[in-house]
Amino acid sequence: MSTLSIATAPGFARPVDDAQAVFRAVLQALSRPGMFVCLPALPPSLARDEMTQGMLALALALCDQDSPLWLDSAADSPQTRHHLRFHCASPFAAAPEQAAFAFISRPESMPRLSAFHAGRADFPDRSATLVIRVDCSAEAPESEVMEVTGPGVKGNERGIWQAFRLGGLPAWFWTDWRDNQALYPLGVDVIFVESANSGQGAPSVRILGLPRTARVRKAVNAKEGSLCM
Amino acid sequence: MLQRKRRMAALALADEAALEEAATRLAASFSYTFLRRPEAGLLMVEGRAGNSGQRFNLGEMLVTRCVVRLQQKRQNGQDSAATEGYSFIQGNRPRHAELAAVFDALLQQEDQAEDLERSLIEPLAAKRSEALQKGAEKTATTRVDFFTLVRGEDA
């Protein structure tokens, strides 16, 4: 009898509405680089929390049978794979460069950005999207205030930069980001997902988008911002 | 045919009212949650030319699918191990999909399987083959044999 040994958890409570709301939040995050956006809906968490609720929400909203997934070794487990296969029907990529979406739970040991697919000149939109779990608390170790400018940053044409702070990224990350940004119109896009719940009471998870057009530097004196209610 | 496949087919082709009745009878003995609520959508049905040649898309078909996780309540207050039930039902029939998934899960609970096989699956299968038989008989009465003259061109 084919009883599955690995338990599956439910996905979104309202699959269509919740997935659309999360998709809208992702659009908002990628069109306002450097601003935190709250995820409006979260699926139940899995027993192992390396793949956080926020990462699961993005997976359920974005992935389908045409988008190969790559999970880093921390996020990867038979249970997670079964869960994503069940709800998204996505195939799994053997290597980072074959993935349409990469879910990275331990950024400190993630592959370099150049390891992911940056798209091709005729199809720049087929590049990978990286979902990276970060620590956004102010006291996060090694968190450095960075600032971003580019399309979507208010006042970018007047040289205004938007500040943000992310913790837990590897030392090479922003150097690699500069190389990635220089590839435009090719290059990967990144969605950072907060690892902890930020608010008391109702759980809420914030995301921050960095499209390949975003230029990032160490902060000089810009203000941090959030679109969260 | 595989046992589970045969059972799932019987549940999918069953009358919704019959499933409802059986579920009401057993309702006190189990509880379930949805892993995937009943959802209707189009499924592409594929065929093969000559049954073994090139694949082609035959057409789309409306299907409702549902997945539940079910546990039986035991006398001693402990629940049985959970089983997962799946269903795919033709048309937009959310309640039918839910019931079929519940019974698929129940049939995987070892102490229930034989009882249910006898009390539910066998009657459903019998009813179905009777209906098919009736249909075939009705059709057979309208049968016409055509005789044509061979004109010899094909020879």
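Scroll up for the structure.
No experiment lies behind these values; they were computed from the predicted model shown. (Residues numbered from 1 in each chain as written. Chains lettered and ligands numbered in written order. Predicted model: local features only at pLDDT ≥ 70, side-chain atom pairs only at ≥ 80, totals over all residues.)

## A few points about the overall build of chain B
Looking only at helices and strands, chain B has 4 helices and 3 strands in total. N-terminal to C-terminal, the α/β element order of chain B is α-α-β-β-β-α-α. The globule rule puts the C-alpha radius of gyration for 155 residues at 15 Å, and the 21 Å found for chain B is more than 25% above it. Judged by the C-alpha coordinates and their principal axes, chain B covers about 80 × 35 × 25 Å. Residue burial in chain B is summarised as follows: out of 155 residues, 26% are buried. In chain B, the share of contacts with a sequence separation of at least 24, taken over all contacts with a separation of at least 6, comes to 59%. (Helix = DSSP H or I, 4+ residues; strand = E, 2+ residues; numbered from the N terminus. Rg over C-alpha atoms; globule rule 2.2 N^0.38 Å. Buried ≥ 20, exposed ≤ 12 C-beta atoms within 10 Å, placed from the backbone. Contact = placed C-beta atoms within 7 Å.)

## Topic: the overall build of chain A
Helix and strand counts for chain A come out as 4 helices and 9 strands. Ordered by position in the sequence, the α and β elements of chain A form the string α-β-α-β-α-β-β-β-β-α-β-β-β. The buried share among the 229 residues of chain A stands at 41%. In chain A, once contacts between residues fewer than 6 apart in sequence are set aside, the share between residues at least 24 apart is 72%.

## Regarding unusual backbone geometry
Here the amide bond leading from Tyr184 of chain A into Pro185 of chain A is cis, since omega sits at 10°, within 30 degrees of zero. Looking at the element boundaries, Pro185 of chain A is found in the loop between α4 (173-182) and β7 (189-194). With a phi angle near 60°, Ala89 of chain A is a residue other than glycine that sits in the positive phi range. For Ala89 of chain A, a count of 12 C-beta atoms within 10 Å translates into the label exposed. With phi around 70°, Asn51 of chain B is a residue other than glycine that occupies positive phi space. Along the chain, Asn51 of chain B falls in the loop between β1 (30-48) and β2 (55-72).

## Side note on helix α3 (residues 78-88) of chain A
It helps to recall that an α-helix has 3.6 residues per turn; residues three or four apart then point in one direction. All names here are of chain A. Among the residues making up α3, those that are buried are Thr80, His83, Leu84 and His87. End-on, the buried residues of α3 take up no more than an arc of 95°, which puts them together on one face. Residues of α3 that are buried in the fold lie against α2 (53-62) and β2 (69-71). Once α3 finishes, Ala89 follows within two positions and takes phi at roughly 60°, a positive value. (Arc of directions from axis to C-beta.)

## Let's talk about the nonpolar core
Core analysis: the largest hydrophobic core is formed by 62 residues, its most contacted members being Leu58, Phe101, Ala102, Phe103, Val131 and Val193 of chain A. Looking at which element gives the most residues to this core, the answer is α2 of chain A, with 8 residues. Apart from the residues within four sequence positions on either side, Val131 of chain A is in contact with Met55, Leu58, Phe101, Ala102, Phe103, Ile104, Ile191 and Val193 of chain A. Residues Ala10, Ala22, Ala82 and Leu107 of chain B belong to the second largest nonpolar core, which totals 26 residues. (Core = buried A, V, L, I, M, F, W, Y, C linked by C-beta atoms within 7 Å.)

## Remarks on the sheet that holds strand β5 (residues 144-149) of chain A
All names here are of chain A. Taken in spatial order, the 3 strands line up as β6-β5-β9 in an open sheet, and their pairing is antiparallel. This sheet does not close on itself; its edge strands, each paired only once, are β6 (162-166) and β9 (215-218). Neighbouring strand axes in the sheet, compared pairwise and without regard to direction, differ in orientation by 35° on average. In this structure, β5 lies alongside β6, joined through 5 bridges in antiparallel fashion. The partner of Val148 across the bridge, within β6, is Gln162. (Pairing = 2+ DSSP bridges. Axes fitted to C-alpha atoms, helices over the stretch in contact; angles between N-to-C directions.)

## Remarks on the packing of helix α1 (residues 3-13) of chain B against helix α4 (residues 110-141) of chain B
Residue and element names in this part refer to chain B. Packing of α1 against α4 brings their axes to within 9 Å, and their N-to-C directions diverge by 65°. α4 is crossed by α1, and the crossing has left-handed handedness. Taking contact as the criterion, the partners of Arg7, Ala10 and Leu13 in α1 are, on α4, Ile121, Leu124, Ala125 and Arg128. Taken together, the residues of the contact of α1 with α4 sort by class into 5 nonpolar, no polar and 2 charged. (Left-handed = near helix turned anticlockwise from the far one by under 90°. Nonpolar A, V, L, I, M, F, W, Y, C, P; charged D, E, K, R; others polar.)

## A few points about the sheet that holds β2 of chain A
All names here are of chain A. Pairing is mixed across the open sheet formed by 6 strands, whose spatial order is β1-β8-β7-β4-β3-β2. Every interior strand has two partners, whereas the edge strands, β1 (36-38) and β2, have only one. Ignoring strand direction, the axes of neighbouring strands in this sheet form an average angle of 25°. As judged from the 4 bridges shared by β7 and strand β8 (residues 206-210), these two strands associate in the antiparallel manner. Across the sheet, residue Val193 finds its bridge partner in β8, namely Ile207. In the packing of helix α1 (residues 15-31) onto the sheet, contacts are made with β1, β7 and β8, and the angle to β8 comes to roughly 50°.

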